[in-house]
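These are the residues of each chain, in order.
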Amino acid sequence: MKRLLSVTAVLVAMTFPSAHAADKAAPHWGYEGETGPAAWGKEFPTCGLGKAQSPIDIKGPFEKATQSIKPDYKEGALKVVNNGHTIQVNVDPGSKLQIDKDSYELLQFHFHRPSEEKIDGKPSAMVAHIVHKNAAGKLAVVGVLFNEGKENATLKTIWAAAPKAEGPEVVVQGAKINPASLIPKSLNYYSFEGSLTTPPCSEGVTFYILKSPSTMAKAQIDAFPFKANARPVQPLNGRKIVAN
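Predicted model only: the values in this text are computed from it and were never measured.

Cut-offs used in this document
- Residues numbered from 1 in each chain as written.
- Predicted model: local features only at pLDDT ≥ 70, side-chain atom pairs only at ≥ 80, totals over all residues.
- Heavy atoms only, no water.
- Helix = DSSP H or I, 4+ residues; strand = E, 2+ residues; numbered from the N terminus.
- Buried < 20%, exposed > 50% of the residue type's maximum accessible area, 1.4 Å probe, protein only.
- Contact = heavy atoms within 4.5 Å.
- Areas by Shrake-Rupley, 256 points an atom, 1.4 Å probe, with all protein chains shown as cover.
- Phe/Tyr/Trp six-rings, centres within 6.5 Å; stacked < 30°, edge-to-face > 60°.
- Pairing = 2+ DSSP bridges.
- Salt bridge = Lys/Arg side-chain N within 4 Å of Asp/Glu carboxyl O.

Caption draft 1: Highlighting the overall build of the protein. Across its full length, the protein carries six helices and 16 strands. Counting all 244 residues of the protein, 49% fall into the buried class. Sequence-distant contacts, at least 24 apart, represent 69% of the contacts inside the protein between residues at least 6 apart. Carbon and sulfur atoms make up 55% of the accessible area of the protein, which totals about 11900 Å².

Caption draft 2: How the structure looks around the packing of aromatic side chains. Tallied over the entire structure, the rule returns ten aromatic pairs. Centre to centre, the rings of Trp 29 and Trp 40 are 5.3 Å apart; their planes meet at 80 degrees, and the pair counts as edge-to-face. Of the two residues, Trp 29 is situated in the loop between helix H2 (17-22) and helix H3 (40-43) and Trp 40 in helix H3; the sequence distance between them amounts to eleven residues. These aromatic residues form a ring-pair network of at least three members: Phe 109, Phe 111, Trp 159, Phe 224 and Phe 226.

Caption draft 3: Region of interest: the sheet that holds strand E1 (residues 57-58). The strand order E1-E8-E9 describes an open sheet built from three strands, whose pairing is mixed. In this open sheet, the two strands that pair with only one neighbour each are E1 and strand E9 (122-123). As judged from the two bridges shared by strand E8 (residues 118-119) and E9, these two strands associate in the antiparallel manner. When the bridges of E9 are listed, Lys 118 appears paired with Pro 123.

Caption draft 4: Inspection of the environment of Pro 61 at higher detail. Within the secondary structure, Pro 61 is located in the loop between E1 and strand E2 (63-64). Along the backbone, Pro 61 and Ala 243 are 182 residues apart, and their C-alpha atoms lie at a distance of 9.5 Å.

Caption draft 5: The arrangement of unusual backbone geometry in detail. A cis geometry characterises the amide bond from Gly 60 onward to Pro 61, with omega recorded as 10 degrees. Cis geometry marks the peptide bond from Arg 113 to Pro 114, where omega comes out at -10 degrees. With respect to the element layout, Pro 114 can be found in the loop between strand E7 (102-112) and E8. We note that Asp 100 has phi near 55 degrees; this positive angle belongs to a residue other than glycine. Relative to the helices and strands, Asp 100 is located in the loop between strand E6 (96-99) and E7. A positive phi angle, close to 50 degrees, is found at Asn 237, a residue other than glycine.

Caption draft 6: Spotlight on the pattern of salt bridges. Under the defined criterion, the tally for this structure stands at six salt bridges. For Asp 222, the salt bridge is made with Arg 113, and the minimal N-O distance between the two is 3.8 Å. In this pair, Asp 222 is assigned in helix H6 (residues 218-223) and Arg 113 in the loop between E7 and E8, connecting sequence segments 109 residues apart. With a relative accessible area of 15%, Arg 113 lands in the buried category. Two residues, Glu 193 and Lys 138, come together in a salt bridge whose shortest N-O distance is 3.1 Å.

Caption draft 7: Fine view of the pairing of strand E13 (residues 189-195). Within E13, six of the seven residues are buried, which leaves the element mostly enclosed by the surrounding structure. By the bridge criterion, seven bridges tie E13 to strand E14 (residues 203-210) in an arrangement that is antiparallel. If you follow Ser 191 over to E14, its bridge partner there is Tyr 208. Strand direction decides the pairing type here: E13 and strand E16 (residues 242-243), joined by two bridges, are antiparallel. For Ser 191, the partnering residue across the bridge sits in E16 and is Val 242.

These values are about where atoms sit, not about what they do.
Next comes the structure, spelled out in structure tokens:
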């Protein structure tokens, strides 16, 4: 893990928040005020200087996508953490995402309110970012958008277990979850090269934002313990967006 700098390092901090909390010198960041997104670049230069930052406003024209994506997720223990910035579910080893011939391991998924990605200038109520890593350390994020509507059974289970305040990972005894339950039937997507949407904003992350949204009840949106944890959209800077 030590050889996979920046991108992997932040995933370790996100997946194992105790390691991050132990680092007393770690700069504080948030989503509003003096430590909000406009100030991230002061402590994390890539957030301010990067030319392939996420999220983005997804709008045409699009180039034709050529990659196929195929999730192969397994049921596992429900492990939830409130890391002070989002609700995150850590995943047992064994779940994979196949992108053409390349295999990515599922690490964790977490949520943003409202959705960080916009479609033609409009955000969804929330988004789940499902984070994967291949053997070379390359990250791939599948995004599932949520609109207000029917109650979501999977989120009901997660929300019931999620700590309301920042703290260590909670392993819910007797509870199981399969991340596949978050994935819509259609895997058509928009894809672009981007970055982590939180500091240090490391680039080299490929996003696959699924076109088919899921739903969640208004009460579920309101119950999410973060009223706003979405980074504003970033300039495209000539990047291409592909779609299928």
